[in-house]
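Descriptive analysis of the structure
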Amino acid sequence: MPPRIVTVTSLVCLALVCTATNCGSSSQSSASKPSDVVGNWQFTSSTNSGSVLYLGGIDSQGTSLFFAPGVLGVGVVNPTAFVGDTWALPIITGASPFSGASTLYAATGTQLPSGGTSQTLSSQGTVISDSSVTLTNSSGTFTLTSATPLTGAVKAIKKGQTEERAPDFTEMGTLRCDTCGEEFIVFHDPALVDRAAAVRQADWLEKVLAEEHERDRKHSDRIQLPD
Ligand SMILES: [Zn+2]
């Protein structure tokens, strides 16, 4: 009888070894699981006029747009030559690596310091984590870092749909998509109403909507806006 027990025990040991091996391979596959990149991001680009800070966001479709605001804080400004310029990055869904076109658009009515109203570069990127993404194109390598969450203070909601409501929010204005005519209402938290920001956000949203048509993507019902 005792020898039988030994056999059973060694079988159990073998089973445990197999489980441990399986564990190893399954943790490897969870490491390559896409990161959650939806939210607000920022990056700095160095130029001949100095470093330019871009603020923007990545939505649930992976569409992103970054904007160079004029004033970054008290006494802190972006180089004038780049104010109002926007970067559209490739689709970033959290899968790594990724690649695609990145386009820098000059602010409406201006030209880029390098000439022309837009410049498209092929780019490659790596999603490092939920809060870090690197992107390389012929202008250099940029590190995107996740920006302070807006906690839903600022958003645009598609007009006429009832799923999403912002009862306590202040309506800042309505933006109509040039392509399909859908309308989005920009809302601010009443405590943080900022008319200048709403104008910038409308400008940003207009480009995001156009970008979505270009990429054949549906508009979301709710779009989180950059600060
Ligand atoms: Zn549209």
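Relevant structure appears above.
Predicted model only: the values in this text are computed from it and were never measured. (Residues numbered from 1 in each chain as written. Predicted model: local features only at pLDDT ≥ 70, side-chain atom pairs only at ≥ 80, totals over all residues.)

Our next topic: the overall build of the protein. From N to C terminus, the protein includes 2 helices and 14 strands. For the protein, long-range pairs separated by at least 24 residues make up 50% of all intrachain contacts whose partners lie at least 6 apart in sequence. (Helix = DSSP H or I, 4+ residues; strand = E, 2+ residues; numbered from the N terminus. Contact = placed C-beta atoms within 7 Å.)

Turning to the environment of Cys 180, a few remarks are in order. When you line up the elements, Cys 180 lands in the loop between β12 (170-176) and β13 (183-188). For the pair formed by Cys 180 and His 219, sequence separation is 39 residues and the distance between their alpha carbons is 10.0 Å.

Let us look at the sheet that holds strand β7 (residues 98-105). Pairing within the closed barrel is antiparallel, and its 8 strands lie in the order β1-β2-β3-β6-β7-β8-β9-β10. Pairwise comparison of adjacent strand axes, ignoring direction, gives a mean angle of 30 degrees for this sheet. Both strand β2 (residues 50-58) and strand β3 (residues 64-67) contribute to a ladder of 4 bridges, which runs antiparallel. In the strand pairing of β3, Ile 58 is matched with Ser 64. Sheet strands touched by helix α2 (residues 195-214): β3, β6 (86-88) and β7. Its angle to β3, the strand with the most contacts, is close to 150 degrees. (Pairing = 2+ DSSP bridges. Axes fitted to C-alpha atoms, helices over the stretch in contact; angles between N-to-C directions.)

Three or four residues apart is the spacing at which side chains of an α-helix point the same way, because the helix has 3.6 residues per turn. With 20 residues, α2 should cover 28 Å at 1.5 Å per step; its first-to-last C-alpha distance of 29 Å lies within 8% of that length. Along α2, the positions that sit buried rather than exposed are Ala 198, Gln 201, Trp 204, Leu 205, Val 208, Leu 209 and Glu 212. On an axial view of α2, the arc spanned by its buried residues comes to 145 degrees, and they lie on one face. Away from the buried face of α2 by more than 90 degrees, exposed residues Ala 196 and Glu 214 are located. Trailing α2 by a residue or two, Asp 216 shows a phi angle of about 60 degrees, which is positive. (Expected span 1.5 Å × (residues − 1). Buried ≥ 20, exposed ≤ 12 C-beta atoms within 10 Å, placed from the backbone. Arc of directions from axis to C-beta.)

Judged by nonpolar contacts, the single largest core of 40 residues is most densely connected at Tyr 54, Val 186 and Leu 205. Top element by residues in this core is α2. It accounts for 5 residues. Residues from two domains meet in this core; each of domain 1 (39-146) and domain 2 (154-224) gives at least three. Sequence-distant contacts of Tyr 54, that is, excluding residues within four places in its chain, are made with Gln 42, Phe 43, Ser 45, Phe 66, Phe 67, Ala 68 and Trp 87. (Core = buried A, V, L, I, M, F, W, Y, C linked by C-beta atoms within 7 Å. Domains from an automatic or database assignment.)

Before going further, it helps to spend a moment on the pairing of strand β9 (residues 132-137). Side chains Val 133, Leu 135 and Asn 137 of β9 all project onto a buried face; the interleaved residues Ser 132, Thr 134 and Thr 136 project onto a face where none is buried. Looking at chain direction, strand β8 (residues 118-129) and β9 are connected through 5 bridges and run antiparallel. By the bridge assignment for β9, Val 127 is matched with Val 133. Count of turn residues in the β8/β9 antiparallel hairpin: 2 residues. Sheet analysis places β9 next to strand β10 (residues 140-146), joined by 6 bridges and oriented antiparallel. Opposite Ser 132, over in β10, you have Thr 145 as the bridge partner. The antiparallel hairpin formed by β9 and β10 contains 2 residues in its connecting segment.

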